[in-house]
Amino acid sequence: MTASKVYSTTSWAWEYTHRYQNDGQAWVEILNGTEDDAVVLTSAFNEDTYMGKGTILQRPASSMPVDPMTPTYQEFMDYVTPFRWGSGFGSKTSLNTTAFGTHPIHMYVVDSHHPESNFREFAGVFVAGGSAATTNHYLNGPVPLPSWGVPAQNQDRGLAVYDKGTGIMREYFMVTSTTSNAAVWKSTGAGYSVNTPGLNNLATDNYALQQEVGRSNIAGMHNSLGFIGIAEALNRKINHALCFTVASLRMTNDDGSYRSSWPSRGADGKLERYMPGGDLVKPTGPYDGPIYSPAHGQWGRLPMDIDFNHNPRTGAPYPLFCQLVMKAAQQYGLVATDTNLFVHAFNTEQGTTFKHAYGVDPWTTGGVIDEIYKGPVGDGGGLQGIREFPWHLVEWAPMDWGRPNPDMNLHPGQLMPWRG
Amino acid sequence: MAWIKATDIVGPPGTFDKITVSTIPADATASATIGGLPGNRTAHFNIPRGLTGPMKEETPAEIATRQGYHLHLGQNAPLTAFMYGVPVIWIKPGYQLISIIPPTPTWLDYSGAVMVPTVAGAGYYVTSFTKAGTTTVANKLLTPNTAVDLATLLGVAQPFDVRIEAKPNTGYMFPSEYFWNHAYPNMANRTIMTSDTFTRANGEFVNGTMTNAALGGTARPWQVFSGHNVNGGNYTTFEINGNSLRKRSQAEFYAAGAVKTGDSNNIRVDVGSQNQRVEFDLTLPAPIPTGGRIDFLLAASSSTFGSGFMFNITADGVTFSSPATAAGQIMATGAPVSGKYIFERDGITARVKTPNADWFSRTFDEPVFTVGNGHGNFFGIRDTHALPNTIRPALNNLTYSIDNLIVTQLGF
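Being a predicted model, the structure only gives us computed values, none of them experimental.

## Here's the deal with the overall build of chain B
Scanning chain B for helices and strands turns up four helices and 33 strands. Among the 412 residues that make up chain B, the fraction classed as buried is 47%. Excluding contacts between residues fewer than 6 apart, the proportion of contacts in chain B whose partners are at least 24 apart in sequence is 60%. If you sum the accessible surface of chain B, you get close to 18,700 Å²; carbon and sulfur atoms cover 55% of it.

What follows is the structure in structure tokens.
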């Protein structure tokens, strides 16, 4: 049976019609789908459909200039800030997944124009620097999201909804139910950008993957596209730069201005409070590490001359999963887009959608991905192999590497475009 | 109408071309729902009463004959007016308009330019401009992400007014109209706003008095930023002395009846100007202590951070800061001496003339002209603001005098 698909401007729905006749009478068959038809159920990181194609996250790291402060930054990132707590597998680097640890921002790719799209009602969303008009227009009210879609289930409770139907990319921070109605959600931070429908043109629509207004993570970016994708982990190749979460940084420069590097739209950190003269002392005693750190948004990369078969610190090969991440850091680089508490952490694509489709979260310890990386090399292997990520080898770009002039993206509180 | 459960239907779901319904009443119209089809879809059938025998799909010709017309579905118009012997009706696939709100343009008053962002679904146009009372209709698309020189684009020189409208592209809509009218000022205007030669009685508290406008402009009141209500009056350390505006020492201030000093070494006169030139004769009986400074504020109501534009006479020279510029930019070096000082803030340019140095100018980021601060426009003087307590006593004891003050509005 061949179906014809007609969009009804009356019902705002696709109608699948089969026309049949019998004994001179005819009728129409209408096929209805389910809300899942309006959700991209596959990984958002399939190489051929990756939304971040051609964006800043695929900028070749080989073209990156190196900042002279790199040795200081390397020492800082290896020192792991005053907050080291023994978390993150007892290491300085952790992995945020839906199966263990801090949940990453939950990103869903949906199509609000699909007739079966489900919508979640939002109210009382706060947007730094946003007007009531734009907040209500883009972030409050019905937001396309499957009924089974949830924000991160711990910590920042982050949620990202990338709508192919309208091209609107929504981001929410700390999503919870409203007190008056559990079915209506709110958030204490949010941001958005408007792009071409289909979201196949972000390389030109939104090269830097920035939220246009508001901020849901420190960098105010669509950083979910820099997470480690399920498809990538399964295919053993990451095709973009890594948006990681950093333990803590300097929040301000020496002159008191906020320390932020394009494409980040914000700054964060508490190092000043632990430095000499600060008001805090770390649990293990006075802070004696470097007092200068990279900034959110500042690009970094690993050098190409790394011997993956020999980690000088262990005498053994780097664990397989660490190698996967390191190779992406060599080819595309890495960038801090959010702040953690105790350790540096790489983020992964949420497994909620995968679990909905296949019944199990792929990031589960001993699960389909973990098993791939439990190879014969490395001590421990599996996903925990991320702990050996060599922060002391990361080279850092100068602040604002590649920033356009003028930079039309207005950061929260900024009223004029930056012009160099 | 009776409903038939899918379990009543014989045949594997998704592959059938014939269904047999065993429970349908002979005289009823029925419908069937079949779930579990490919793509997790569900099929709904409306089954006419009395249906018997096998079904077959109607051909387009049969449909056309039955309907009396042929539907042509597609973005492009049909090639013929008749098909299958019946008229062709063209149905263009519909789509949902995407509703967006275009961001506000950025106005660059001093360069006569405007900046608009790239917006998926909209473009910005200059739809008219008004010069010397004459309005001209235009339809000029603005290039996004760049400072568009309107004088060049429109062929007129400042001052002029423009109207810019955002227009949705195909497939988009706005929740309302979005247009902006903006006046670009005449940057050549020079107007003395007020002046003061301070030819008044010695010892008079200057707070609450009027400028005498002896050198031009109109009389304006002197006020404190934040003073202390002593004996029913707001006092500052500034007084009339020897036909000049003199800042008292702390001891003199106390002797005059004040109970506290340290944050009331200030005085201002509201002048209502965005761009200002301030000139005055300064008498410094003693050097400015190291680490201290006298602030000369040329505040615009549009400043968004702190009090905005500020020149500082320090122990080492003159510095400048603006809302968009890091503080302490050096404008003149060398220990300050008595004599005439001229400070100008003209759009994105700051200029300084000191008694012992030629004009020096710096440009800085375009100032912000959208949000007012609490003070409004004014020229003001202060000397202990935001400084550590270690330096305040020395500044409290510092005295200096201002004379022949002229405040001029630049542009607009």
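## Some remarks on the packing of aromatic side chains
What the rule picks out here adds up to 27 aromatic pairs over all chains. Relative to Tyr358(A), the ring of Phe354(A) lies with its centre 4.7 Å away and its plane at 45 degrees, an arrangement referred to as tilted. Of the two residues, Phe354(A) and Tyr358(A) are both situated in helix α7 (residues 352–358); the distance of four residues between them amounts to about one turn of the helix. Three or more aromatic residues link up through ring pairs in this structure, and these residues are Phe280(B), Phe296(B), Phe311(B), Phe320(B), Tyr341(B) and Phe343(B). Geometry around Phe179(B) places Arg163(B) over its ring, the cationic atom sitting 3.9 Å from the centre.

## Digging into a nonpolar patch on the surface
Together, Tyr69(B), Leu73(B), Ile89(B) and Ile91(B) make up an exposed nonpolar region whose accessible area comes to about 310 Å². As for its placement among the helices and strands, Ile89(B) is situated in strand β7 (residues 86–91).

## Focus on the sheet that holds strand β12 (residues 134–141) of chain B
All names here are of chain B. The antiparallel open sheet is built from four strands, whose spatial order is β12-β11-β14-β16. Of all strands in the sheet, those bounded by a partner on one side alone are β12 and β16 (179–184). With direction set aside, neighbouring strand axes in the sheet form an average angle of 20 degrees. Both strand β11 (residues 122–131) and β12 contribute to a ladder of six bridges, which runs antiparallel. Bridge pairing in β12 places Val-126 opposite Lys-140.

## Description of the side chain of Thr93(A)
As for its placement among the helices and strands, Thr93(A) is situated in strand β4 (residues 93–96). Reaching out from Thr93(A), the side chain makes a polar contact with the side chain of Trp391(A) at a distance of 2.7 Å.

## Regarding the pairing of strand β8 (residues 159–163) of chain A
Residues and elements named next belong to chain A. Within β8, five of the five residues are buried, which leaves it mostly tucked inside the rest of the structure. Residues Leu-159, Val-161 and Asp-163 line one face of β8 and the alternating positions Ala-160 and Tyr-162 line the opposite face, and both faces are buried. Relative to β8, strand β5 (residues 106–110) runs parallel, the two sharing five bridges. By the bridge assignment, Met-107 is partnered in β8 with Ala-160. Bridging between β8 and strand β9 (residues 168–177) involves four bridges; their strand directions are antiparallel. Within β9, the residue paired with Val-161 across the bridge is Arg-170. A loop of four residues connects β8 with β9, the two strands running antiparallel in sequence, and Gly-167 in this loop sits at a positive phi of about 85 degrees.

Quick notes on the rules
Each chain has its residues counted from 1, following the order in which its sequence is written. Labels follow written order: the first chain is A, the first ligand is 1, and so on. Given that the model is predicted, a residue must reach a pLDDT of at least 70 before its local features are reported, and side-chain atom pairs must reach 80 or more before they are shown or counted; all residues, however, enter totals for whole chains, interfaces and linings. To get the side-chain values, all heavy atoms of the structure are used, and hydrogens and water are removed first. Secondary structure elements follow DSSP: runs of H or I of four or more residues count as helices, runs of E of two or more count as strands, with numbering from the N terminus. A 1.4 Å probe rolled over the protein chains alone gives each residue an accessible area, and that area as a share of the maximum for its type sets the label: buried under 20%, exposed over 50%, partly exposed in between. Contacts are residue-level and defined by heavy atoms, with any inter-residue pair within 4.5 Å sufficient. The Shrake-Rupley method, run with a 1.4 Å probe sphere, supplies the accessible areas, and residue values consider only the shown protein chains as cover. Note on aromatic contacts: the rings of Phe and Tyr and the six-membered ring of Trp form a pair at centre separations within 6.5 Å, being stacked when their planes are under 30 degrees apart, edge-to-face when over 60 apart, and tilted otherwise. When the NZ atom of lysine or the CZ atom of arginine is within 6 Å of a ring's centre and also within 35 degrees of its normal, the charge is said to sit over that ring. Note that patches include only residues with greater than 30% relative accessible area and no salt bridge, and the join distances are 9 Å for like charges and 5 Å for nonpolar side chains (Val, Leu, Ile, Met, Phe, Trp, Tyr). Whenever a carboxyl oxygen of Asp or Glu lies within 4 Å of a side-chain nitrogen of Lys or Arg, that contact is scored as a salt bridge. Here the rule is simple: two strands pair whenever DSSP picks up at least two bridges between them. Only the stretch in contact is used when a helix axis is fitted, and all axes are lines through C-alpha atoms; the angle between N-to-C directions ranges over 0 to 180 degrees. Polar contacts, as counted here, are pairs of nitrogen or oxygen atoms within 3.5 Å of one another; within protein the pair requires one atom able to donate a hydrogen and one able to accept it, and residues that are adjacent in sequence qualify only if both atoms are side-chain atoms.

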